[in-house]
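Working through the structure, step by step
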Protein chains: 2
Amino acid sequence: MTSFHVRPLVASLVTFALAASAFGQGGRASQSQPTIPPLPIPSMERYREAAGRIIGAALVDSAAYDRLAYLSDRIGHRLSGSPQLEQAVDWAVAEMRKDGLDNVRKERVMVPHWVRGEESAELLEPVRRPIVMLGVGNSVGTPPEGITADVVVVRNFAELETLGEQVRGKIVLYNVPFTTYGETVQYRGSGASRAAKYGAAAVLVRSVGPVSLRTPHTGALGYTEGVPKIPAAAVTIEDAETMARMQGRGERIRVQLKMGARMLPDAESANVIAELRGTERPDEIVLVGGHLDSWDVGTGSVDDGGGCVATWHAVRLLKRLGLTPRRTIRVVLWTNEENGGRGAEAYAKDHAAEIRNHVLAIESDGGVFKPRGFGLTANDRARATAKGIAALLEAIEANRIGDNGIQADTAPLIRQGVPGMGLDVDGTHYFDIHHTPADTMDKIDRHELALCVATLAVMAYVVADLPERLGQ
Amino acid sequence: MTSFHVRPLVASLVTFALAASAFGQGGRASQSQPTIPPLPIPSMERYREAAGRIIGAALVDSAAYDRLAYLSDRIGHRLSGSPQLEQAVDWAVAEMRKDGLDNVRKERVMVPHWVRGEESAELLEPVRRPIVMLGVGNSVGTPPEGITADVVVVRNFAELETLGEQVRGKIVLYNVPFTTYGETVQYRGSGASRAAKYGAAAVLVRSVGPVSLRTPHTGALGYTEGVPKIPAAAVTIEDAETMARMQGRGERIRVQLKMGARMLPDAESANVIAELRGTERPDEIVLVGGHLDSWDVGTGSVDDGGGCVATWHAVRLLKRLGLTPRRTIRVVLWTNEENGGRGAEAYAKDHAAEIRNHVLAIESDGGVFKPRGFGLTANDRARATAKGIAALLEAIEANRIGDNGIQADTAPLIRQGVPGMGLDVDGTHYFDIHHTPADTMDKIDRHELALCVATLAVMAYVVADLPERLGQ
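The structure reproduced in this document is the subject of the present report. (Residues numbered from 1 in each chain as written. Chains lettered and ligands numbered in written order. Predicted model: local features only at pLDDT ≥ 70, side-chain atom pairs only at ≥ 80, totals over all residues. Heavy atoms only, no water.)

Re the packing of aromatic side chains
All names here are of chain A. Taken as a whole and judged by the stated rule, the model has 22 aromatic pairs over all chains. Measuring from ring centre to ring centre gives 5.4 Å for Tyr174 and Tyr187, while their planes differ by 55°; the resulting arrangement is tilted. Of this pair, Tyr174 sits in strand β6 (residues 171-174) while Tyr187 sits in helix α7 (residues 181-196), and the two are 13 residues apart along the sequence. Of the two residues, Tyr174 and Tyr187, neither departs from the other in class, the shared state being buried. Between Phe178 and Phe431, the aromatic rings sit 5.8 Å apart at their centres with planes inclined by 45°, giving tilted as the arrangement. You can see Phe178 sitting in the loop between β6 and α7 and its partner Phe431 sitting in helix α13 (residues 430-433), a full 253 residues away along the chain. Residue classification places Phe431 among the buried residues on the basis of a relative accessible area of 14%. Put simply, the rings of Phe178, Tyr181, Phe369, Tyr430 and Phe431 pair up and form one aromatic cluster. Geometry around Tyr65 places Arg446 over its ring, the cationic atom sitting 3.9 Å from the centre. (Phe/Tyr/Trp six-rings, centres within 6.5 Å; stacked < 30°, edge-to-face > 60°. Helix = DSSP H or I, 4+ residues; strand = E, 2+ residues; numbered from the N terminus. Buried < 20%, exposed > 50% of the residue type's maximum accessible area, 1.4 Å probe, protein only. Lys NZ or Arg CZ within 6 Å of the ring centre and 35° of its normal.)

Next comes the structure, spelled out in structure tokens:
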């Protein structure tokens, strides 16, 4: 997942901003005030046998793992505009057809096409040494000869503001230790424009992650309109701390930054859609999905190959088990979540006429580690029902229903009143590898992935099959 | 530390082999049989006040941390033959003189001069993708055009032996998960020659470490005489697992390996020596030390800049506190531990005449994390005394006396009967960063380093000051 969106251009942190706001609690998606006493949790005993079949079948099935391994190993990373992303789109369509899913199709989306190009950073003073870096997504490049300038290390925006015009012509290094993603990612997201306001030549950003083995994390930035666009690169915790110590000793720090990054004309991509058509109310939709694009490092196995494969295979599993619910379950593999959000935008726009038919939108974009349940943004009646369904997942300890169900690609739907759920997993190590070359298949545990498939399948199936529509 | 030594050429794992052998218990260093009941532990109450002064002073002193930061940040990594190693040697001599230590000097040592050169590895089939790698130290290079061959993945030597001649002309990948260092490092150390016996063209070795963020670990190999020398490179856990999955799917794997590695003529280096001369028996020596050389990645802050700085600053602290013991405490910063052991060999040879005057040899080469005490290779009388001294370190929880006191650079002395101690620390994360670009200053905790200084200083001081010689 990313939490930084560049459209609109005003710096925004959609997922986390939404998570932190009152929207999830008081917005259109959740119109009722807290009820005391809470609504009774309805029994879902009649679905217990189906849940058992789903869980058991998921645990002995290797299709999800094998498909994610193929996506990771053979297709690899999938940045918007890359041939790999379109290869992944076509592969998913072909495989979904093999699975016998209904209405398998691509829905065309034009996506931003940012390319990294050749890039490097070198410490020139007080010693000459390469700096491990990754350009920040959407960043402009440097001139071919690079930008060579003194470095000023700051620990937060307050220090930048205090320095003000003293950073003119310099490279600002934000050496900000990771606290939460939402808090720390602001330096990557808006640090360039905030330093550019004072005339900085470029920025380096300490990678947004809690630990490092000389590990750079990329991700997107957004430029503020009316402020010069300057290049931005992520550096490792190790190199950021080294420069901070150098500054602390009063040493002059000079760095040469070279980035061939550039934005090309929009490229053609697609959301991938497949369905398990409902038996009684096929026009009512329970949506499940993840995003198929990734950053251009690692193989995007966790972010968000896992979410795509888990949601897709939840539906595949229901199909195989002959568990066809009353309503339609639709898988959406969005494109361009990482650096534009165009897939989510296009889906909401193209399906505007049927948005009211979306009973629930479930997204998995926080990794496919051991599932704990779901976050939910919906009214109290929906929450009570969700808790009833989640009780079916108690045996695999995935029965939590938390407060926030908004994730990046479902946000446009939830904003229009669709109840939203996000798969909730043990994210302890998610940000260790997030947007790094280490987001690879070995980070996926076969059993945990199977548990995610089971958790998604049980929730989607029961919501899609209940006689009454969720929340009504 | 390294545990793989290339001299003698027969593959050997000096430290760990010694640790595992009966030598530590039954060799010349430990001539008495276990005594029942054990010898009484002598009281060291008369040193309690001195221990308190040492511990307190160490905890408020930042000299060790600052010096290690300078070594890391300004000098950087220090492979044998590199200008940085000699810069570190000269810097240490100059700083030790500033500290007012006695007899500060360099003792010349000729060291192997292996250079990495340009290197890369690329997966060509089933997909084209760069492989993150580090050539293994002492490896030969490839022809300039590289070696392009099919890859065969094995999980252990038994699988290699079963394949036998089937690996001829191929690149063998040892995909061996980390268990213990001593066990797993054999694949890096002797894997090249073992595959070359069957005609392999080159080997790739899964990096010897328990975790990875696409992190390659270098380290040394030793070639077996009479077998062709083939190139060897370490790859990350991620890339090793990727190739293993590809083989599992029946995919043909082709890799191009390019290594500019070569061995140049021996270079001049030096052990650095400084002393705190004893008041009554200056010819009797308590030796403390670490190795100043490192691998040519990261900054060798943990392996073994920390050991050098901690042992040196233990002595510096005693000097500053006016705690001059009866015997001499000698700091030795060995050269060439990582890829030759020539510093340790030279010290033992150059000081052959006074080896019997070495009362104890203490080495710190396992990191300067939270100290737990010492490993000890000595007779039972020495062990009882060491336990008495260690009791003075109870307040900082560094009072363990374990069984094995042999480390790489003290091994030649211990082999000749000198009692040996190794600083014992919490090594939980030592192998995460060992021989990697992530062995950097940020891995050093200021407080833990200070505790190491205190632990070393108390032990060295008391052993050097006791009326009776240790173990007699």
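Thoughts on the sheet that holds strand β4 (residues 133-135) of chain B
Residues and elements named next belong to chain B. Spatially, the eight strands line up as an open sheet ordered β3-β2-β9-β5-β6-β7-β8-β4, and their pairing is mixed. The sheet terminates laterally at β3 (129-131) and β4, the two strands that pair on one side only. On average, each strand axis in the sheet is inclined to that of its neighbour by 30°, with strand direction left out of account. Both β4 and strand β8 (residues 232-235) contribute to a ladder of three bridges, which runs antiparallel. The partner of Leu134 across the bridge, within β8, is Ala234. Contacts between helix α8 (residues 237-248) and the sheet are confined to β2 (119-125), β3, β5 (147-154), β6 (171-174), β7 (202-206), β8 and β9 (254-259), with β5 contributing the most and set at about 80° to the helix. (Pairing = 2+ DSSP bridges. Axes fitted to C-alpha atoms, helices over the stretch in contact; angles between N-to-C directions. Contact = heavy atoms within 4.5 Å.)

A short note on the layout of surface pockets
One water molecule sets the probe size; rolling that probe over the atoms shows where empty space is left. Considered as a void within the structure, the second largest pocket measures approximately 710 Å³ in volume. In this structure, the second largest pocket is lined by 25 residues; those nearest its centre are Val211, His429 and Asp432 of chain A together with Val211 and Asp432 of chain B. Of all elements in the fold, only α13 of chain A together with α13 (430-433) of chain B reach the threshold of two or more residues within the lining of the second largest pocket. (1 Å grid on protein atoms, 1.4 Å probe; cavity = no way out; pocket = protein on both sides within 12 Å on 5 of 7 lines; lining within 4 Å. Points joined across faces, edges and corners; volume = space filled by probe spheres on them.)

Brief notes about the interface of chain A and chain B
Each side of the interface is counted separately: chain A has 33 residues, and chain B has 33 residues. Buried surface at the junction of chain A and chain B, both sides included, amounts to about 2300 Å², of which 53% is carbon and sulfur. Where chain A meets chain B, there are eight salt bridges. Note that Lys443 of chain A is salt-bridged to Glu238 of chain B, the shortest N-O span being 2.7 Å. The interface formed by chain A and chain B includes 14 residue pairs in polar contact (both at pLDDT 80 or more). Broken down by secondary-structure element, the contributors of at least two residues to the side of chain A that touches chain B are α4 (63-75), α8 (237-248) and α13 of chain A. In terms of residue count, the dominant contributor to the side of chain A that touches chain B is α4 of chain A (seven residues). Each residue belonging to the side of chain A that touches chain B can be placed in one class, and the counts come to 13 nonpolar, eight polar and 12 charged. (Buried area = accessible area lost by both parts, 1.4 Å probe. Salt bridge = Lys/Arg side-chain N within 4 Å of Asp/Glu carboxyl O. Polar contact = N/O pair within 3.5 Å; in protein donor to acceptor, adjacent residues only side chain to side chain. Nonpolar A, V, L, I, M, F, W, Y, C, P; charged D, E, K, R; others polar.)

Points about the pattern of salt bridges
All names here are of chain B. Applying the stated criterion across every chain yields a total of 78 salt bridges over all chains. Arg128 is the partner of Glu122 in a salt bridge, and the nearest nitrogen-oxygen pair spans 3.0 Å. Accessibility expressed as a relative area gives 23% for Glu122, which makes it partly exposed. Asp424 is the partner of Arg372 in a salt bridge, and the nearest nitrogen-oxygen pair spans 3.1 Å. Residue Arg372 is located in strand β14 (residues 371-377), and its partner Asp424 is located in strand β16 (residues 420-425); the two are separated by 52 residues in the primary sequence.

Some details on the relation of the copies chain A and chain B
Expressed as a screw transformation, the operator carrying chain A onto chain B has a rotation angle of 180° and an axial translation of 0.0 Å, and the superposed copies differ by an RMSD of 0.0 Å. Taken together, the turn and the small shift mark the pair as related by a two-fold rotation axis. Identified as the residue of chain A closest to the rotation axis by C-alpha distance is Leu213 of chain A, at 3.0 Å. Taken as a fraction of all interface residues of chain A, those also at the interface in chain B reach 100%, which identifies the copy contact as same-surface. (Least-squares fit on C-alpha atoms with pLDDT ≥ 70 in both.)

Let's talk about the side chain of Ser82 of chain B
With respect to the helices, strands and loops of the structure, Ser82 of chain B is situated in the loop between α4 (63-75) and α5 (83-98). Engagement of the side chain of Ser82 of chain B in a polar contact is seen with the backbone nitrogen of Leu85 of chain B, the distance being 3.2 Å.

Examining the environment of Met246 of chain B
With respect to the helices and strands, Met246 of chain B occurs in helix α8. For the pair formed by Met246 of chain B and Leu423 of chain B, sequence separation is 177 residues and the distance between their alpha carbons is 43 Å. In this structure Met246 of chain B touches Asp73 of chain A together with Leu123, Pro126, Val127, Glu251 and Ile253 of chain B, once residues within four positions along its chain are discounted.

A word on the packing of helix α11 (residues 380-390) of chain B against helix α14 (residues 446-465) of chain B
Residue and element names in this part refer to chain B. Relative orientation of the contacting elements α11 and α14 amounts to 130°, with a least axis distance of 10 Å. Between α11 and α14, the angle is such that the two are oblique. α11 and α14 meet at a crossing whose hand is right-handed. Residue-level contacts link Ala386, Ile389 and Ala390 of α11 to Val458, Met459, Val462 and Val463 of α14. For the contact of α11 with α14, the class distribution of residues is seven nonpolar, no polar and no charged. (Parallel < 35°, antiparallel > 145°, perpendicular 65-115°, else oblique. Left-handed = near helix turned anticlockwise from the far one by under 90°.)

Describing the state of the cysteines
Enumeration according to the criterion identifies zero disulfides over all chains in this entry. Here Cys452 of chain A is not disulfide-linked; the sulfur of Cys308 of chain A is the nearest cysteine sulfur, at 13 Å. (Disulfide = S-S within 2.5 Å.)

Observations regarding unusual backbone geometry
Residues and elements named next belong to chain B. Going from Glu125 to Pro126, the amide bond is cis rather than trans, its omega being 5°. When you line up the elements, Pro126 lands in the loop between β2 and β3. Following Asp303, the chain continues to Asp304 via a peptide bond in cis, the omega torsion being 0°. With respect to the helices and strands, the residue Asp304 is situated in helix α9 (residues 301-321).

Concerning the environment of Arg469 of chain B
All names here are of chain B. Structurally, Arg469 is set in the segment after α14. Owing to a relative accessible area of 18%, Arg469 belongs among the buried residues under this scheme. Contact partners of Arg469, with chain neighbours within four places excluded, come to Arg281, Glu284, Arg327, Arg356, Asn357, His358 and Val359. A distance of 3.2 Å separates a polar side-chain atom of Arg469 from the backbone oxygen of His358.

Quick notes on helix α10 (residues 342-350) of chain B
When α10 of chain B is considered as a whole, its buried residues turn out to be Arg342, Gly343, Ala344, Ala346, Tyr347 and Ala348 of chain B. As for α10 of chain B, its buried residues are in contact with β1 (102-115), β10 (262-276), β11 (281-291), β12 (327-334), β13 (358-363) and α12 (411-414) of chain B.

Details of empty space enclosed by the protein
Here the structure, examined in full by the defined rule, presents five cavities of 30 Å³ or more. The calculated volume of the largest cavity comes to roughly 110 Å³. Considering the residues around the largest cavity, the lining is formed by 15 residues, among which Arg129, Arg214, Glu238, Asp239 and Thr242 of chain B are closest to the centre. Residue assignment for the lining of the largest cavity shows that the elements contributing at least two residues are α4 of chain A together with β3 and α8 of chain B. A per-element tally of the lining of the largest cavity places α8 of chain B first, with five residues. In terms of residue class, the lining of the largest cavity is made up of five nonpolar, four polar and six charged. In this structure, the second largest cavity occupies an estimated 60 Å³ of space.

Some thoughts on the environment of Thr410 of chain B
Residues and elements named next belong to chain B. Here Thr410 is to be found in the loop between β15 (400-402) and α12. For Thr410, a relative accessible area of 0% puts it in the buried group. Spatially, the C-alpha atoms of Thr410 and Glu225 are 27 Å apart, while their sequence positions differ by 185 residues. With residues up to four places along the chain from it excluded, the contact list for Thr410 reads Trp334, Ala361, Ile362, Glu363 and Gly405.

Some points on the packing of α9 of chain B against α14 of chain B
All names here are of chain B. Between α9 and α14, the shortest axis-to-axis distance is 8 Å and the interhelical angle comes to 55°. With respect to α14, the axis of α9 lies oblique. Here α9 runs over α14; the crossing is right-handed. Residue-level inspection shows Gly306, Ala310, Thr311, His313, Ala314, Leu317 and Leu318 of α9 in contact with α14, the latter providing Leu449, Cys452, Val453, Leu456, Ala457 and Tyr461.

Scope: geometric values only; no functional claims are made or implied.
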